[in-house]
Amino acid sequence: MKIVKRILKFIVILIGVLLISAIIVVLVDKQSTNYLKIENNKFNNNTYLITNANIIPMNQDTVLVDKMVYIKEGLIKNISDNIEVKGVEIIDAKNQYLTPGLIDMHVHVWDRYELGLYLSNGITSVRNLWGMPMHLRLKEDIKNDEIISPMFFTTGPKLTGPEFIGDDNLQLTSPIEAKEKVISYKKRGYDFIKTYYGLTEDIFDAVIEQARISDMDIVAHPSPKVPYSYHFDPQIKSIEHTEDIIQQPLNYKLDTLKLKEVINDFKKSKHSVFSPTLTVYNNIYQMLIDDNILESEQLKFINPLIKKVDSKAQCERWYTNKLRDSSIVKRIKEQHDFHLKIIKKLHEAGVTLICSTDAGIGVTIPGFSIHQELAFYKEAGLSNYEVLKTATINASKTHSIMNNMGTIEVGKIANLILTNKNPLLDLSTLQNPTKVFVKGGKLDRETLDSFENEARNRNNLIASALRYVENWIIEK
C-alpha cells in the first residue's frame with residue numbers, strides 16, 4: 001500500500017512539474033514578443049495630420065493628388081486640400097501614395113511573431129480560418145490595445161463530417177451536435193463558422209440553420225459530400241480554394257465546358273464571394289521544382305512547429321510523388337495555369353474576389369505571400385485597380401464587422417499604407433511600405449524591419465506545440 005501511495009505521489013508531482021514547465025515555456029514565448037506591446041512602442045499616438053499625400057481611395061479608380069488627411073483617435077475625420085488643426089503631430093507624406101491597408105482573408109496564425117510579419121507587408125487585417133483557444137486570447141489582447149497587430153478576425157475550429165480525416169479536425173456526428181457547436185463558438189467569442197471537408201447534407205443543413213439563428217457568418221471550404229452549389233447559401237459569405245472547383249464539380253479534370261456551368265452557377269448566386277488561395281496550390285509546384293525549399297531564406301519565417309511537421313511532410317510527400325511519376329510536375333503546373341483561367345472567368349462573370357493566401361501552412365509564408373497572390377490575379381487578367389480591390393474594398397464588404405475598413409473615406413478606420421510609388425501602376429511597391437498605419441497607430445519602415453528580424457528563425461517550437469495540445473484537449 002505504501003508503494004502505491006509513493007507511486008501516486010510521484011505521478012502527481014511529475015504532472016505538477018510538467019504543468020509548471022509548460023506554463024513557463026508559454027510565458028517565456030509570450031515575453032519574447034514584448035516588442036509588439038503598445039506600451040513599449042511609439043505606436044499609440046493615433047491623432048495627427050498627414051500632409052502632401054497622393055490618396056488612392058479604392059472606392060473609385062483614381063488618385064487624389066496632394067491631399068491632407070486628419071486622423072483623430074484612429075479614425076479618418078477629414079480629407080481635403082487644406083486642413084487646419086492645432087496642436088497635433090504633422091506627418092509629411094512627401095508626395096508618396098496612401099492606400100488602404102491590405103486584408104488577407106485566409107490565413108492560419110500560429111504565434112504572435114506572425115502578426116509583425118503581416119504588418120511589415122502592409123497587411124492591416126487578417127481573417128484566421130483555423131480557430132483555437134489561443135486565438136480567443138489573442139483577440140482579447142488586440143481588442144484591449146495591449147499589442148500591435150493587424151485587426152484580427154477568426155473562425156472557430158474547423159467543422160467536418162463524421163468521417164475521420166485527422167486529429168486537427170472536429171468530426172460532427174449529428175445535426176444536434178452541429179447546432180451545439182455553432183452556439184458554443186458564438187458564446188466563446190469566435191467571429192465566424194468554418195465548414196470543412198466531409199460535412200454531410202443533414203449536418204451541413206444544421207450548421208447553416210443555427211448559424212443563421214446565431215447570426216454567425218459561414219466561411220466554406222467545400223465539402224464533397226454535398227453538391228458544390230450547396231455552398232451558395234446566403235449564410236455562407238465566401239467559398240474558399242480554386243483547386244476545389246477542379247476537384248469537385250470538374251471531377252479532377254481541366255474541363256472548360258463543365259467550368260462554364262460552374263461559372264453560371266456563381267452568376268445565378270448574386271451574393272457569392274470567392275476566395276482563390278492560388279499561392280498555396282502554386283507552392284506545390286515550387287516544392288516539386290526545388291528540393292531544397294525547406295532551407296530557403298523565406299522558410300525561416302515559418303513557425304518552427306509548422307516547418308518541422310507540416311512543411312517537411314508536404315515536401316517529402318511531393319518529392320516522393322515526383323520520384324514515382326515525374327510527369328506530376330507538368331500536371332501541377334497545368335492545373336495552376338487553369339486556376340488562372342478560372343479566376344479570369346469568375347472575374348468576367350462579376351463574381352466578387354477576395355484576396356486570400358492560406359498563409360501559415362506548408363511553405364506559404366505569413367505576410368510575404370500576399371504579394372505573390374496579388375501578382376497571380378494580375379496574371380489572370382485583372383487590372384492593378386481590380387487586383388487591389390480584392391485586398392481592400394472587396395474584402396471589407398464580405399462581413400458586416402469588417403465594413404469599417406477597406407477604403408480611405410471619412411469615418412473609416414485609419415488602416416493605411418504609405419508607398420514610394422503608385423501601386424495602380426506598380427503593384428510591387430506594396431512589398432515595401434514606408435509606413436503602415438493600423439487603427440491610426442504608426443509604424444515606420446525601421447520598426448517593420450525589426451518585426452521581420454524578430455520573427456526570423458524564432459525558437460518557439462515547444463510553446464507552439466503546447467498551444468496545439470491545449471486546443472486538442474479542449475476541443476476534443
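Above this text is the structure in question.
Residues numbered from 1 in each chain as written. Predicted model: local features only at pLDDT ≥ 70, side-chain atom pairs only at ≥ 80, totals over all residues. Heavy atoms only, no water.

With the rule as written, the count across this model stands at 11 aromatic pairs. Ring plane angle 75° and centroid distance 4.8 Å describe the contact between Phe232 and Phe266, whose orientation is recorded as edge-to-face. Note that Phe232 is positioned in the loop between strand S12 (218-220) and strand S13 (236-240) and Phe266 in helix H7 (residues 256-268), a separation of 34 residues in sequence. Accessibility expressed as a relative area gives 10% for Phe232, which makes it buried. With a centroid separation of 5.7 Å and 90° between ring planes, the pair formed by Phe266 and Phe274 is classed as edge-to-face. (Phe/Tyr/Trp six-rings, centres within 6.5 Å; stacked < 30°, edge-to-face > 60°. Helix = DSSP H or I, 4+ residues; strand = E, 2+ residues; numbered from the N terminus. Buried < 20%, exposed > 50% of the residue type's maximum accessible area, 1.4 Å probe, protein only.)

Turning to the packing of H7 against helix H10 (residues 328-348), a few remarks are in order. Pairs of packed helices are described in terms of their axes, by the angle between the two and the distance that separates them. Put simply, H7 and H10 touch, their axes get as near as 10 Å, and they point 35° apart. Read as a crossing pair, H7 and H10 show a hand that is right-handed. Residues Thr256, Leu259, Ile263 and Phe266 of H7 lie in contact with H10, whose contacting residues are Phe338, Ile342, Lys345 and Leu346. Grouping the constituent residues of the contact of H7 with H10 by class yields six nonpolar, one polar and one charged. (Axes fitted to C-alpha atoms, helices over the stretch in contact; angles between N-to-C directions. Left-handed = near helix turned anticlockwise from the far one by under 90°. Contact = heavy atoms within 4.5 Å. Nonpolar A, V, L, I, M, F, W, Y, C, P; charged D, E, K, R; others polar.)

All right, on to helix H2 (residues 113-120) then. For H2, the tally of buried residues reaches eight of eight residues, placing the bulk of the element in the interior. All buried positions along H2 are accounted for by Tyr113, Glu114, Leu115, Gly116, Leu117, Tyr118, Leu119 and Ser120. Just beyond H2, the residue with positive phi is Gly122, at close to 85°.

Per the stated rule, a full pass over the model turns up 24 salt bridges. For Glu240, the salt bridge goes to Arg127, with nearest N and O atoms at 3.2 Å. Pair noted here: Glu240 is in strand S13 and Arg127 is in strand S7 (residues 123-128), with a separation of 113 residues, a long-range link. Given a relative accessible area of 0%, Arg127 falls into the buried group. In this structure, Asp291 and Lys322 form a salt bridge, with 2.9 Å as the shortest nitrogen-oxygen distance. Here Asp291 is found in the loop between helix H8 (278-289) and helix H9 (304-324), whereas its partner Lys322 is found in helix H9, with 31 residues between them in sequence. (Salt bridge = Lys/Arg side-chain N within 4 Å of Asp/Glu carboxyl O.)

Let's shift gears to the sheet that holds strand S6 (residues 102-107). Strands sit in the order S6-S7-S8 across an open sheet of three strands; the sheet is parallel. The open sheet has two edge strands with one neighbour each: S6 and strand S8 (151-154). Pairs of neighbouring strands in the sheet enclose a mean axial angle of 15°, with direction left out of account. Docked against the sheet, helix H3 (residues 133-143) engages S7 and S8, running at close to 150° with respect to S8. Relative to S6, helix H11 (residues 369-379) is tilted by about 95°, and along the sheet it contacts S6 and S7. (Pairing = 2+ DSSP bridges.)

One finds Leu102, Ile245, Phe266, Phe274, Leu346 and Leu374 to be the most contacted residues of the largest nonpolar core, which totals 110 residues. Setting aside its immediate chain neighbours within four residues, Phe274 contacts Tyr228, Ile239, His241, Thr242, Ile245, Phe266, Ile343, Leu346, Val351, Thr352, Leu353 and Ile354. (Core = buried A, V, L, I, M, F, W, Y, C linked by side-chain atoms within 4.5 Å.)

A surface patch of nonpolar side chains, about 390 Å² in accessible area, is lined by Val469, Trp472, Ile473 and Ile474. Within the secondary structure layout, Val469 lies in helix H15 (residues 461-475). (Patch = residues over 30% accessible without salt bridge, like charges linked within 9 Å, V, L, I, M, F, W, Y side chains within 5 Å. Areas by Shrake-Rupley, 256 points an atom, 1.4 Å probe, with all protein chains shown as cover.)

We now examine the pairing of strand S2 (residues 64-72). Sheet topology note: the strand S1 (residues 48-55)/S2 ladder contains five bridges and is antiparallel. Across the sheet, the residue bridging to Tyr48 is Ile71, located in S2. Bridging between S2 and strand S3 (residues 75-80) involves five bridges; their strand directions are antiparallel. If you follow Lys72 over to S3, its bridge partner there is Leu75. Between S2 and S3, which follow one another and run antiparallel, lie two residues, and Glu73 among them has a positive phi close to 50°.

Before going further, it helps to spend a moment on unusual backbone geometry. In this structure, Asp66 takes a positive phi of about 55° despite not being glycine. With respect to the helices and strands, Asp66 occurs in strand S2. For Lys94, which is not a glycine, the phi torsion comes out positive at approximately 55°.

A separate point is the environment of Ile203. Within the secondary structure, Ile203 sits in helix H5 (residues 201-213). Here Ile203 falls in the buried class, since its relative accessible area comes to 1%. Once the C-alpha coordinates of Ile203 and Asn282 are considered, the two residues, 79 residues apart in sequence, prove to be 32 Å apart. The residues contacting Ile203, other than those within four sequence positions of it, are Pro162, Leu172, Thr173, Ser174, Pro175 and Ala178.

The topology assignment puts His231 in the loop between S12 and S13. Of note is the side chain of His231, whose polar atom sits 3.0 Å from the backbone nitrogen of Ser223. Excluding its chain neighbours within four sequence positions, the residues that come into contact with His231 are Phe204, Ala220, Pro222, Ser223, Val226, Ile236 and Ile239. (Polar contact = N/O pair within 3.5 Å; in protein donor to acceptor, adjacent residues only side chain to side chain.)

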